[in-house]
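Residues per chain, in single letters:
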Amino acid sequence: MRKPTDPTSHQEGPKDPTPIPWDALEAWEDPIPMQDTKTLHHMVRRSKNTPHSTTGPHTTPRGTPKTPHHARRALPIAPRRNPISHQEGPYDPHGHHEGAPKLPHHATRDTKTRRHTKRGPKNAPHNTTAAPQPPPTGPPPAPGPVTELRAPKPPLLALSPPHGGRCGRTRGGGAELSRAHRPHKAGAAHAAPRGGGRKRGGGSVGLGGSRGRGMELGWLLWGAAVLLLLHLLMELSPAVNFVLRIGFYYVLCIVCSGLTAPVCLLVNGGRTVKNMRIIKTVVKSFKYFFGLRFEVKGLENFDVEGPAIIVSNHQSILDMMGLMEVLPDGCVQVGKKELMYAGTVGLITYLGGVIFINRKSTTSAKMVMAEVAKTMTADNVKVWVYPEGTRNCTGDLLPFKKGAFHLAVQAQVPVIPVVYSSFTTFYNPKKNLFTSGKIKVEVLPPIETKGLTSDDVSDLTDRCYNIMRETLFRLSGRSGEGKDSS
Ligand SMILES: CCCCCCCC/C=C\CCCCCCCC(=O)SCCNC(=O)CCNC(=O)[C@H](O)C(C)(C)COP(=O)(O)OP(=O)(O)OC[C@H]1O[C@@H](n2cnc3c(N)ncnc32)[C@H](O)[C@@H]1OP(=O)(O)O
Ligand SMILES: CCCCCCCCCCCCCC(=O)OC[C@@H](O)COP(=O)(O)O
């Protein structure tokens, strides 16, 4: 007996002179899950080579390999045409053809019912010459989960070898339009099944296409409607506007962190200040989503020899955009250790070289800062610190913590103050205010610490505080206020 070519195998078997009537597979009643077509092809091929009687009860000759159970399960019901005996004839949607494999018990339950009601007793020989049946009267049978008997729409791309053509080394694996969707070729080896091929093919492609387009249009319309509604709500309610915009910012941070982290790992291999370049590039794009503009002055003040301590005011989580807008190369930040656990944002801050401190423990914070003082010169990194130690969106400055200034004196590096104008003109959580706006940023000249000691830290802190507060008021259009208070 000829060894069948297993379409699922990639070994080339003997050429088969007559192409498998793949269209017959389309005649099968059930939509065949893609992964089962191969099983099906396998079954068809195997059984094709087993001599079958085409009349009388079907007996499997001795020695024919059994249909594996799983393959039987995959096999659908009542084929349109018997792909094994290739009998021509009208399609009997409820008849059971000779040669079609037995179905597992559960799958035949519904068919039995249907067959009696529609087609006479069980197993009656299929009358291939009978006139086409009158359309069934009464309500159509409810489609069963497995025994759906309506002509299925076969997958547009059926995994099957090209029809009759050659597909390189193996007969398996090609993807092609299935019979029902292929343009009908005149004089094809097998006439298209009644009510099948041409109509279904033409119809289904057209139908599928227009239905697909209709679905897309529907979704687009829905999307547009939702966006319009959201826009209206944002216009009408400051609270909705605030929540949606800040929520979007959070989502942007979380998602972009998750996407940027692998890039940092791939490009730089792990935790390094070099990742800040990548992070900076991504975060700098955020301003466009929120209609924020930065007006920067004094960037040349970052051009100091070697490391430095940068201190800036801290108003909100939006500060990350201001930070990245002016961040010089080789600069890490000091952040609260809770940030490390902020999901993907924690990962990206870790990869960016952020120094995490425990604000609740002065001792441990001091130890970390002392460690940084030692290494920053060796590593030639700048360190960005928010001396207020927390966010403050009042338009004024909180009293400064001294940690950054102890760090600068211990490392004998300059302190470079950076001031951002007040966000209160466009951002105030208490008033649900979050609109577009302009932020003025000024990098002030460095303050030298060479020769200073820890005793000078208090003065250094106060000096820096005053300069920065005055600048803040100036940039925020409140000049004249900062001079009198110390
Ligand atoms: C791709 C898309 C990505 C999207 C997402 C964006 C990701 C962006 C990626 C990456 C950027 C990440 C950016 C993160 C930014 C986070 C920002 C924050 O988390 S801000 C909160 C934490 N930072 C601070 O807290 C620093 C400021 N604090 C200090 O420096 C403190 O001084 C500290 C914590 C060290 C200690 O704080 P104390 O609460 O004890 O207060 P005190 O007054 O400063 O110190 C008490 C006594 O200890 C002495 N002392 C302080 N530090 C000392 C030191 N280092 N050595 C010796 N003595 C010290 C002081 O002189 C003071 O003593 P006497 O009052 O003078 O008697
Ligand atoms: C899966 C959980 C993800 C959580 C998403 C968090 C998104 C964060 C967006 C960027 C955060 C930038 C760092 C920052 O600005 O943190 C605030 C701290 O400086 C000060 O904290 P606090 O005022 O003392 O509470």
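Keep in mind that what you see is a predicted model, and the values were worked out from it rather than measured.

**Quick notes on the overall build of the protein**
- Secondary structure summary: the protein contains 13 helices and 11 strands in total.
- Across the 486 residues of the protein, 43% fall into the buried class.
- Considering only contacts within the protein whose residues lie at least 6 apart along the sequence, 72% involve residues at least 24 apart.
- Carbon and sulfur atoms provide 61% of the accessible area of the protein, an area that totals close to 25,800 Å².

**Some remarks on the sheet that holds strand S6 (residues 355-357)**
- One open sheet accounts for seven strands, arranged S3-S11-S8-S4-S7-S5-S6; its pairing is mixed. Only two strands of the sheet have a single partner each, and these edge strands are strand S3 (292-297) and S6. Neighbour-to-neighbour, the strand axes of the sheet open up by a mean angle of 25 degrees, direction not taken into account.
- Two strands pair when backbone bridges link them, and S3 and strand S11 (residues 437-443) are joined in this way by six bridges, in the parallel orientation.

**Section: the packing of aromatic side chains**
- In total, this model carries 12 aromatic pairs according to the counting rule given.
- On the basis of an interplanar angle of 65 degrees and a centroid distance of 6.4 Å, the ring pair of Phe-242 and Phe-434 is categorised as edge-to-face. Of the two residues, Phe-242 sits in helix H6 (residues 238-268) while Phe-434 sits in strand S10 (residues 433-434), which places them 192 residues apart along the sequence. Across the pair, exposure class does not vary: Phe-242 and Phe-434 are buried alike.
- Geometrically, the ring pair formed by Phe-248 and Phe-290 is tilted, given 5.6 Å between the ring centres and 50 degrees between the ring planes. With a gap of 42 residues between them, Phe-248 in helix H6 and Phe-290 in helix H8 (residues 286-290) connect regions that are remote in the sequence.

**Focus: the site of ligand 1**
- Inspection of the region around ligand 1 gives 32 residues, with Lys-336, Thr-362, Lys-402, Gly-403 and His-406 positioned closest.
- Lys-402 is positioned with one of its backbone polar atoms (N or O) 2.9 Å from an oxygen atom of ligand 1.
- Gln-410 places a side-chain nitrogen or oxygen 3.4 Å from a nitrogen atom of ligand 1.
- Sorting the residues of the shell around ligand 1 by element identifies H6, helix H7 (275-283), helix H9 (319-326), strand S5 (331-336), helix H11 (362-379) and helix H12 (403-411) as the ones contributing at least two each.
- Across the shell around ligand 1, the residue classes break down as 17 nonpolar, 10 polar and five charged.

**A look at the packing of H11 against H12**
- Taken N-terminus to C-terminus, the directions of H11 and H12 make an angle of 40 degrees; their axes are 9 Å apart at the nearest point. Classified by the angle between their axes, H11 and H12 sit oblique to one another. Where H11 crosses over H12, the two elements pack in a sense that is right-handed. Together, Met-369, Ala-370, Val-372, Ala-373, Met-376 and Thr-377 of H11 and Gly-403, Ala-404, Leu-407, Gln-410 and Ala-411 of H12 make up the contact between the two elements.
- Taken together, the residues of the contact of H11 with H12 break down into eight nonpolar, three polar and no charged.

**Thoughts on the nonpolar core**
- Grouped together as the largest cluster of nonpolar side chains are 44 residues, with contacts concentrated most on Phe-286, Phe-302, Leu-318, Met-321, Trp-384, Val-418 and Tyr-427.
- The greatest single-element share of this core, amounting to eight residues, is contributed by H6.
- Residues in contact with Phe-286, not counting those within four places in the same chain, are Tyr-249, Leu-252, Cys-253, Cys-256 and Met-321.
- Core analysis: the second largest hydrophobic core is formed by 35 residues, Val-383, Leu-397, Phe-400 and Ala-408 among them.

**What about the UniProt feature "transmembrane region" (unreviewed entry) in the protein?**
- When the UniProt feature table is mapped onto this chain numbering, "transmembrane region" (unreviewed entry) sits at residues 217-234, 246-267 and 339-357.
- Across residues 217-234, the secondary structure splits into 100% helix and 0% strand, with the terminal C-alpha atoms separated by 25 Å.
- Segment residues 339-357 splits into 47% helix and 16% strand. End C-alpha atoms: 10 Å apart.

Criteria and thresholds
Residues numbered from 1 in each chain as written. Chains lettered and ligands numbered in written order. Predicted model: local features only at pLDDT ≥ 70, side-chain atom pairs only at ≥ 80, totals over all residues. Heavy atoms only, no water. Helix = DSSP H or I, 4+ residues; strand = E, 2+ residues; numbered from the N terminus. Buried < 20%, exposed > 50% of the residue type's maximum accessible area, 1.4 Å probe, protein only. Contact = heavy atoms within 4.5 Å. Areas by Shrake-Rupley, 256 points an atom, 1.4 Å probe, with all protein chains shown as cover. Pairing = 2+ DSSP bridges. Axes fitted to C-alpha atoms, helices over the stretch in contact; angles between N-to-C directions. Phe/Tyr/Trp six-rings, centres within 6.5 Å; stacked < 30°, edge-to-face > 60°. Near = heavy atom within 4 Å. Polar contact = N/O pair within 3.5 Å; in protein donor to acceptor, adjacent residues only side chain to side chain. Nonpolar A, V, L, I, M, F, W, Y, C, P; charged D, E, K, R; others polar. Parallel < 35°, antiparallel > 145°, perpendicular 65-115°, else oblique. Left-handed = near helix turned anticlockwise from the far one by under 90°. Core = buried A, V, L, I, M, F, W, Y, C linked by side-chain atoms within 4.5 Å. UniProt positions renumbered as here; feature names shortened; annotations may be inferred.

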